[in-house]
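Residues per chain, in single letters:
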Amino acid sequence: MNSNELRALRKETDPLADEIVTKYFTESAFDREKTMLFFDALSRNSDPIPAGLPDYLEKYFYETEDLPSWADKNKIAKGEQLFTIYGPQILMMLCVKSLPMAYSCGDGAQVLYKTGRLIEQNGVIDGVNRRLMETTQFVISVAQENGLGPQGKGIRTAQKVRLMHASIRYFLSKGKDWDPAWGQPINQEDMAGTLQSFSSLVIEGLGQSSLKLSQEEKDAYIHLWRVVGYFIGVKPELCPEGYDTAHSLGESIFNDQQKPSDAGKILAKSLLDFMEYMLPGNLFDNLPLFFLQTYMGQKTSEVLGLGWPPRNPLGYFMERIFKDIDSHVDDDEGFGKLVAYFASKLLFSMDHFYYGGKKARFWIPPSLRENWRL
């Protein structure tokens, strides 16, 4: 798609979800309790259809819960298998590739900045941690085995995310500090870019991590996320089939939207703080920065204010250690072993995270726990 076509998408949103949310918030005078009930119901991703909501909202969940006619269950299963095997590395990619690439899109980053949930508040990062863990939980819900099946958590979770996006659009569009030049909040270009950051960019990141995937595996993972895109309201033509086509679309969107912004730099700093906070002790200090710079490359690192070249010699040092332990591995494999080690430590810390004296709501299926040795 050319730049003009992509820019036109910044005016498009999700009419179905927008209509439902607008009806909910305008059928009576503003009610803070009602608003909090709605957001709380949507944020509890592991729950079934939320109770206490109007009939038309319940109808939405039932009428949009079927797989699209083009969904290929065999491809979905192969995509889920990839997640079963490489889940920790895939979840790590969210932090070192998917989210920072999204933050590098200056206009789209404004939504995350304005909502405030991915930004430290007065030096306190509990809200940042919670939101990033919710994002991780979303990926686990949709990508686990049978996550998109009748008894899975994925479809219901994606339906709620779709309404959450519409709610954010509703409130931001009514605010006085939203600049129309940024496009509609959470518009179709931004949603399509985010979908690719969670799918084709992750596949690219696994390749950077020395994991050699077949074309069939790559295409299957893209198909799984194409189905997810259907449930969160991304236009069909913005959910292409096949890794090569999907990655090409993602590159077009990021090339169109990437530019420095204060919002993007603040979000990247919060992401770094999150990873530093999650890793125990001081051994891994600055290793998250090394990974961000390594996976992002020079252009995106500079857009996010991360500097260049990668400044952390610890990363190179640990990579050499993994290579020296096993003299049969080459430099790429040494880096791959470092990635796997870092990914497992990060996921373990998230699984054991507490805030406010309570364990975080974070669910990993027993089968994945066993595969990932948690």
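An unreviewed UniProt entry annotates the chain as DUF2236 domain-containing protein of Leptospira dzoumogneensis.

S.K.: Explanation requested: the overall build of the chain in the structure shown.
M.R.: Assigned secondary structure in the chain consists of 17 helices and two strands. Burial status across the chain gives 56% buried among its 374 residues. In the chain, the share of contacts with a sequence separation of at least 24, taken over all contacts with a separation of at least 6, comes to 74%. For the chain, the exposed area adds up to about 17,100 Å²; of that, 51% sits on carbon and sulfur atoms.

S.K.: What's the story with the nonpolar core in this structure? I'm lost.
M.R.: As a rule of thumb, soluble globular proteins bury nonpolar side chains together. The biggest cluster of nonpolar side chains holds 105 residues, and the ones touching the most others in it are Phe83, Leu163, Trp225, Met275 and Phe291. Top contributing element to this core by residue count: helix α5 (residues 73-103), with 13 residues. Ignoring any residue separated from it by four or fewer positions in sequence, one finds leucine 163 in contact with Ala17, Ile20, Val21, Phe38, Leu42, Leu57, Tyr60 and Phe61. Judged by nonpolar contacts, the second largest core, of five residues, contains Met101, Leu201, Phe254 and Met296.

S.K.: Any chance you could explain the packing of helix α2 (residues 15-26) against helix α8 (residues 154-174) here in plain terms?
M.R.: Between two packed helices, both the angle of their axes relative to each other and the distance between the axes serve to describe the pair. Between α2 and α8, the least distance of the axes is 9 Å, while the angle of their chain directions is 60 degrees. The pairing of α2 with α8 is recorded here as oblique in orientation. Pair α2 / α8 crosses with right-handed handedness. Residues Leu16, Ala17, Asp18, Ile20, Val21, Thr22, Phe25 and Thr26 of α2 touch α8, and the partners they reach there are Arg162, Leu163, Ala166, Ser167, Arg169, Tyr170 and Phe171.

S.K.: Could you clarify how one ought to interpret helix α10 (residues 200-208) in this entry?
M.R.: Of all the residues in α10, the buried ones are Ser200, Leu201, Val202, Ile203, Gly205 and Leu206. Those residues of α10 that are buried lie in contact with α5, α9 (188-198), α11 (215-231), α12 (243-257) and α14 (287-303). Positive backbone phi, approximately 70 degrees, marks serine 210, located one or two places after α10.

S.K.: Can you help me understand unusual backbone geometry in this one?
M.R.: Apart from glycine, the bulk of residues carry a negative phi angle, and the bulk of peptide bonds sit in the trans form. A cis amide bond links tryptophan 308 to the next residue, proline 309, at an omega of 5 degrees. Even without being glycine, isoleucine 186 reaches a positive phi, approximately 50 degrees. Positionally, isoleucine 186 belongs in the loop between α8 and α9. Overall, isoleucine 186 belongs to the buried group, its relative accessible area being 11%. The backbone of serine 210 shows a phi angle near 70 degrees, a positive value even though the residue is not glycine. Mapped onto the fold, serine 210 is located in the loop between α10 and α11.

S.K.: Just to check I follow, could you spell out the pattern of salt bridges for this structure?
M.R.: Any two side chains of opposite charge can pair, given that their charged atoms come close. One pass over the full model with this rule turns up 17 salt bridges. Between arginine 169 and aspartate 18 there is a salt bridge, with the nearest N and O atoms lying 2.9 Å from each other. With arginine 169 in helix α8 and aspartate 18 in helix α2, this pair connects stretches of sequence that are 151 residues apart. Overall, arginine 169 belongs to the buried group, its relative accessible area being 4%. Put simply, Arg10, Glu189 and Asp190 are held in one network by salt bridges that share partners.

The rules behind each value
Residues numbered from 1 in each chain as written. Predicted model: local features only at pLDDT ≥ 70, side-chain atom pairs only at ≥ 80, totals over all residues. Heavy atoms only, no water. Helix = DSSP H or I, 4+ residues; strand = E, 2+ residues; numbered from the N terminus. Buried < 20%, exposed > 50% of the residue type's maximum accessible area, 1.4 Å probe, protein only. Contact = heavy atoms within 4.5 Å. Areas by Shrake-Rupley, 256 points an atom, 1.4 Å probe, with all protein chains shown as cover. Core = buried A, V, L, I, M, F, W, Y, C linked by side-chain atoms within 4.5 Å. Axes fitted to C-alpha atoms, helices over the stretch in contact; angles between N-to-C directions. Parallel < 35°, antiparallel > 145°, perpendicular 65-115°, else oblique. Left-handed = near helix turned anticlockwise from the far one by under 90°. Salt bridge = Lys/Arg side-chain N within 4 Å of Asp/Glu carboxyl O.

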